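# Structural features, examined
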Amino acid sequence: MQLESHEGQQVPNVSFKIRRDGRLVERTSEDIFSGRNVVVFALPGAFTPTCSSTHLPRYNELADRFYAVGVDEIVCLSVNDAFVMESWGEHQEAENLSLIADGNGDFAAGMGMLVDKSDIGFGKRSWRYSMLVRNGVVEKQFIEPQKPGDPFEVSDADTMLDYLDPDAGRPSFATLFSKPGCPYCARAKQMLDEARISYEVIEVGTRGVTSRTLRAMTGQATVPQVWIDGEHVGGSDEVARYFGSLTSA
């Protein structure tokens, strides 16, 4: 089966059953796409490795950039039932996305993207792809190449964002090792907040994270220890100098 682009065509008119607040509700293609700009990424299955570790998280991470360039909603579609999609969403960082169950595969079939994955026990599933839909019409579609396995080369969030805005920047992200009541940690968090950099806090002394872990990673046993975009910046004084150098650059 040759998968063909649907650029310039209307999306299928189907009804979706989804779980919201513990109950089944219905959304239709009309509700989702009519008069709106929607980014869709479709994938083979909830809880599967690439979908959970890379595909979905990056769309969630870049959601603000998509919304800044006029996207109204980011939809993740999978041929799973509504209960599975709801549970998957609860196990993912997906607060900026709409996870929609294409339970019968009607949308995938209408897009010509329903494929047979019986060889791995999946039955009929969606091929992996992404698309930009404006007022119900597919403007751009990125379809993964038809080759064995589960290719993931073109339907990623960065490729779609580059299509929408080649000059769109990427959000910085930080990780901060901290201890409760640490004033230097509070200072570092304040500087990150003022720079509008999202961050994740790892509390030393909890969840098996010890000072030995900190020393092994940084050569330091003091907190805070801050990483920004993969770079180990250091403690609160080093963070202040980091932002000072950015300001003066």
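Our structure's up above, just so we're on the same page.
What you see is a predicted model; the values in this text were computed from it and never measured.

### Here's the deal with the sheet that holds strand E8 (residues 129-134)
In space, the five strands of this open sheet follow the order E5-E4-E3-E8-E9, with mixed pairing throughout. Only two strands of the sheet have a single partner each, and these edge strands are strand E5 (98-101) and strand E9 (137-143). When strand polarity is set aside, the average angle formed by the axes of neighbouring strands in this sheet is 20°. The pairing of strand E3 (residues 37-43) with strand E4 (residues 73-78) spans six bridges and is classified as parallel. Note on E4: the bridge partner recorded for Leu 43 is Ser 78.

### Some details on the packing of aromatic side chains
Aromatic rings in a pair are described by how distant their centres are and how their planes are angled relative to each other. Evaluated as defined, the whole model comprises seven aromatic pairs. Between Phe 41 and Tyr 59, the aromatic rings sit 4.1 Å apart at their centres with planes inclined by 0°, giving stacked as the arrangement. Taken together, the residues Phe 41 in strand E3 and Tyr 59 in helix H2 (residues 49-61) connect sequence positions 18 residues apart. For the pair Phe 41 and Tyr 59, a shared accessibility class is recorded, and that class is buried. Judged by centre distance (5.8 Å) and plane angle (15°), the rings of Tyr 59 and Phe 66 are stacked. Here Tyr 59 falls in the buried class, since its relative accessible area comes to 0%.

### Notes on the pairing of E9
Successive side chains on a regular strand alternate, one facing one side of the sheet and the next facing the other. Pairing analysis gives six bridges linking E8 to E9, with the strands arranged antiparallel. By the bridge assignment, Arg 134 is partnered in E9 with Val 137. Count of turn residues in the E8/E9 antiparallel hairpin: two residues, of which Asn 135 carries a positive phi of about 50°.

Procedures and definitions
Residues numbered from 1 in each chain as written. Predicted model: local features only at pLDDT ≥ 70, side-chain atom pairs only at ≥ 80, totals over all residues. Heavy atoms only, no water. Pairing = 2+ DSSP bridges. Helix = DSSP H or I, 4+ residues; strand = E, 2+ residues; numbered from the N terminus. Axes fitted to C-alpha atoms, helices over the stretch in contact; angles between N-to-C directions. Phe/Tyr/Trp six-rings, centres within 6.5 Å; stacked < 30°, edge-to-face > 60°. Buried < 20%, exposed > 50% of the residue type's maximum accessible area, 1.4 Å probe, protein only.

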